[in-house]
Every structure is written in structure tokens, then in C-alpha cells.
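The chain contents come next:
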Amino acid sequence: MYLTEFQSWIELAEGNFSVKRRIGTRRGGSQRWSQSQDIAQPWLREIVERWVAYRVNTEAADAQHIGQQESHVVEFARWAEARDVTNPEGVTRSLLLDWLAEVNSQTNKHGKKFSGGYRSAKISAVSMMIQYARVEITQRIPSNALYLAGEFPARDIPSPRFLEPRLIDTLRLPRSLDLVVDPAHRTAILIMMQVGVRAGHTCSLPFDCLIDLNRTGSLDKWALNFIDTKSKMNITVPIEPHVATAIKAQQQRALVESAKMGLAVPELLFANSRARSTRQLAPERLNIVLRQWAADLDLRDSAGQLEKITPHRFRHTFATEMLEKGVPIEVVQKLLGHRSLSSTQIYATTTDKRMRAEWENAKFVNVRGEAIEMAEGPAADAEWLLNRMSHAMQPLPNGACGLPIQQSCPHANACLDNCPHFITSVEFLGVHRAQSLEFERTISKAEAAGHFRLVEINKRPNENLKKIINALEDDPGEASDAS
Ligand code: SF4
């Protein structure tokens, strides 16, 4: 009976295409689950195969992820065999610690140590498999054969890979996008660039991924809807009207392609027309297109090197932009389809560091145009937090209110009228100039009409504005930011 059950697990893992499709396998490659065949010892092969089958059938992760985990546990099994581990009793804690040391010492083909995340993934896969085997297959594995929580390799904090504003702004220009010849590729790039959808998910978007949010009939409001096969979450991301327009055009193309093949409504938004089948567009293809696009645009970094544009950099850029604009981290988490807030936190941490670096280098002036000295030590931390809170809670069109968040404004609309809490910087210089011109016009009209009280009311804030403008025009960042 045990053997029958075991065979059925393997059958399900190796041969059942519908299971693979259901968890998001892109291709039905027959060798997908065959790596374990190289494990010589039947008891060890059984453990590996049953664990992989269990992962597939419980839809624990997407197929690509399970495939990676399988290669990790097969590597461990072969290593254990080479150390003459001939039975489950030989899987000891000491063996696991030796495997940990082995993984920590491994290097890639360039002689570089693997990342913490990769090493942690290897150890986690083995740890999960051993736990599963002890519970479901054999109790002959010693009960203390496990890894303790602190023993997993620490994950590196990824460095920010977002695209600088000048780069993303260039990419978003319609004339830049027009350089991408294939309209399907163009639409896929637009989706990845505007809402940070992963390449794999973009390629597997369902045909009916568009949701019309126009309930009143007078708005052009849309959202993209799909299942994130990594987190298994249903994702709904608001999109701009021009992205929705591009998706609608792609739906029409997919319908035409589908009709040519004698099929009904297509399942996918991006069918692979070259394959003359319903197979989806390959994410690898998008990477090639992006490389070519960066070359066509001659997009270079500050060192003059050709920029590498990847779908993941679009995702980082999207997350960073959202966080910088003050979108709550829980909302960004949902938009990105992160099951855990800690994944989104990585973006928030790098965003905070970058914004603080910019803030420390910026020049701030008060309502009298006097430079505000940068504090040091803990006071600098407090000032930074206050600055973030002010921007989040009491944003002003021309600066920020430095009033502690717990207090409310005692004099509405009087920021420029000598309020000691008013703070501004060069990013608002354009607003100040426009506002000053407006004051000048009002004062002239009031003088002509003999409304001297009105002249007085407008003069003081305008004088403050002029001082602010003079002070900020001395700022080195003025030339690029003031327009
Ligand atoms: S008047 Fe002063 S306290 Fe009120 S919002 Fe403006 S800066 Fe803040």
C-alpha cells in the first residue's frame, strides 16, 4: 500500500500537466522534476521525491520556486551520499551543521561567495524536507537533526536598484516607448514600468485582467487584476488611463490572433504568436527587448556605462516612488503582492535612507529667508522624523509646516505671514515665484483702486516671499529644480 501511495505521489509530480499548470508552470517540460533520479540510495531518493511532490500538490509555492528548492535538496542528498550516509539514522545534526558550513563556503564561478539569501534558501529547503520526512516518512531520522533559528545565513539587505528619475522619465516619454517595435512588447513594458508587475506575472496576465472602475460614467478609472502566483494573492492595482488604453488595444490584437487560429476568447493577454499556440509570451524575451531598448535610447549611467534595464528595476522604481509620495507601506505591500510586510520594508528602508541623504544635502529656509542650520546627532534624527511627519500630515503647497504633529495650526492661511513654523526648500522655488507674481498683481490692482488695507495685507507675505526666493536662488540645486 505504501508503495502504491508513493508511486501516485511521483506520478502526480512528474506527469500531471494540469497540476503544473494550476500552480503556474510556464512550460510543461517533462524533465522538470527528474533531478532526483541521480540520487542512488532509494530511501534518500524517496524522501526527496515525496517532499517535492508534497510541495507541488499543496501548492506551497510557484513551480519555479519549487524547482529551485528541488535542486537544493538534491544537491544536499548527493553530498550526503558522498559522505557515506547510508540510512536515515545518519542524517544527524552534526551532518546538517557540516552542510551549513559547506554551503557557507561555496563560491560561484567568479570565485564570489553566494548571497545570504541564496545560502539561506538552500538551508531552508533542506530544513523543511527533513522536518517533513520525520513527520510523514520515517522517524528514524534523529529528533535533534534540525537547524536552530539563528543558524540560517542572514539575508543581505539588497541595495536599491531603482532607476534614477532622469532615466525613468526618459523611458516614460511616448517617443521612447515608440522605439519598441512590437506593440505587445510595448504594452508589457508599459505595465511593468507603470505599476511594477513582475515580468512573469505580466506575461501570464489573463485576457480579462482589466477592471473598469468608472461607476459614474464620467471617469476614466481602471485597475489591473491578476493572481500573484508567488504570494497566491489576488492583486488589484489602479492604473492610469493610457495604460488601460494600451491593454484594450492588446486585447483586440489577442482576439484577432486567437480567431486566426480558430480559437475562442484567448486565456492570456499576451499570447506567443510566433509559437502559433496559446502559450504565453516568455519573460526572457522581455529581458532581451529591454536590453535592446536601453541600447537604442543610449541610456547611460553616471559613469557613462550603458544602463541595464530589467523588469525588477521597474518594480523597485514603482515601490520607491509610491513610498516617497507618502503612500502607506501597507498599501504598497498590497500593490506589490508581498505576503510579508518585511519584503516591502526593504524598499521603505532604502527609500528612507535616500530621502534622508537628499534632505541632509538640501538647504532649508524659514519664512524670513534665513537658512535653517542642520542639527547633529540625536537632534538630527528628531528633525528628520519631524520633517517626514510634517510632509505626511500637514503638507503645504509651498513647503512644510514644522508644527509638532500633535498641535493644530493656530493661524490658518498665514504661513507666509511670519509664521515661525514655516519651512521651505528649493523644490518649491517655482511655486514661490508664481505666488510672488500673483501678490504683485493683487497689490498693483489694490493700489490702483485705493484699497490700502488690501495692499498692506498682501505686502508682508510678498516681502517674505522675496527673501525666501533670494535665499533659495543661492542654492546650488536651484538650476535643475526650479523650472
Ligand atoms: S501658519 Fe504656521 S502653523 Fe499654520 S500651517 Fe502654516 S506653517 Fe503651520
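Residue indices follow the written sequence of each chain, beginning from 1 at its first position. Confidence filtering applies because this is a predicted model: local features only for residues at pLDDT of at least 70, side-chain atom pairs given and counted only at 80 or more, and all residues used for totals across whole chains, interfaces and linings. Hydrogens and water molecules were not included; the side-chain quantities draw on all heavy atoms of the structure.

An unreviewed UniProt entry lists the protein chain under the name Integrase, with Marisediminicola antarctica given as the organism. UniProt positions are given in the numbering used here, feature names are shortened, and annotations may be inferred rather than shown by experiment. In its Sequence similarities (unreviewed entry) section, the UniProt entry covering the protein chain states "Belongs to the 'phage' integrase family."

## Details of the side chain of R315
Helix and strand assignments come from DSSP, with helices taken as H or I runs of at least 4 residues and strands as E runs of at least 2, each series counted from the N terminus. Topologically, R315 is positioned in helix α13 (residues 311–324). Whether a residue is buried, partly exposed or exposed follows from its accessible area with a 1.4 Å probe, protein chains only, as a fraction of its type maximum: under 20%, in between, or over 50%, in that order. His is not counted here, nor are the chain ends, while Lys and Arg score as positive and Asp and Glu score as negative. Here, a salt bridge means any side-chain nitrogen of Lys or Arg that lies within 4 Å of a carboxyl oxygen of Asp or Glu. Of the buried charged residues, R315 lacks a salt bridge, with D228 as the closest side chain of opposite charge at 5.1 Å. Filtering out sequence-adjacent residues up to four positions away, R315 remains in contact with G196, V197, R198, L336, H338 and Y347. Note on contacts: a residue pair qualifies if any of its non-hydrogen atoms lie within 4.5 Å across the two residues.

## With respect to the pairing of strand β2 (residues 222–228)
Counted residue by residue, β2 has five buried out of seven residues, so it is predominantly covered. By the convention used here, strands pair only if DSSP detects at least 2 bridges between them. One ladder, built from three bridges, connects strand β1 (residues 210–212) with β2; its direction is antiparallel. Counterpart to D212 in the pairing with β2 is W222. Alignment of β2 against strand β3 (residues 233–239), held across seven bridges, turns out to be antiparallel. Among the inter-strand pairings, D228 is bridged to a residue of β3, identified as M233. In this antiparallel pair of consecutive strands, β2 and β3, the connection spans four residues, and K232 shows a positive phi of 65°.

## Considerations on the confidence of the model for the protein chain
Taken as a whole, the protein chain shows an average pLDDT of 82; of its residues, 84% reach a score of 70 or greater. Here pLDDT means the predictor's own confidence in every residue, given as a number from 0 to 100. In the predicted structure, residues 273–278 sits below a pLDDT of 50 and forms nine contacts with residues beyond four places in sequence or in another chain. Low confidence marks residues 479–483, where pLDDT is under 50. Its contacts with residues over four positions away, or in another chain, come to four contacts.

## Considerations on unusual backbone geometry
Despite not being glycine, D84 has its phi angle at roughly 60°, a positive value. On the secondary structure map, D84 appears in the loop between α4 (63–82) and α5 (93–105). On the accessibility criterion, D84 (61% relative accessible area) is exposed. With phi around 70°, N418 is a residue other than glycine that occupies positive phi space. Residue placement: N418 occurs in the loop between β6 (399–401) and β7 (422–425).

## Looking at the nonpolar core
Residue types Ala, Val, Leu, Ile, Met, Phe, Trp, Tyr and Cys, when buried and joined through side-chain atoms within 4.5 Å, form a set referred to as a nonpolar core. I191, L224, W293 and F314 are the most contacted members of the largest nonpolar core, which has 52 residues in total. Examining the composition of this core, we find that eight residues originate from one element, helix α9 (residues 183–195), more than from any other. Other than its neighbours up to four places away in sequence, I191 contacts G196, V197, T202, L205, L224, V243, I247, L269 and F270.

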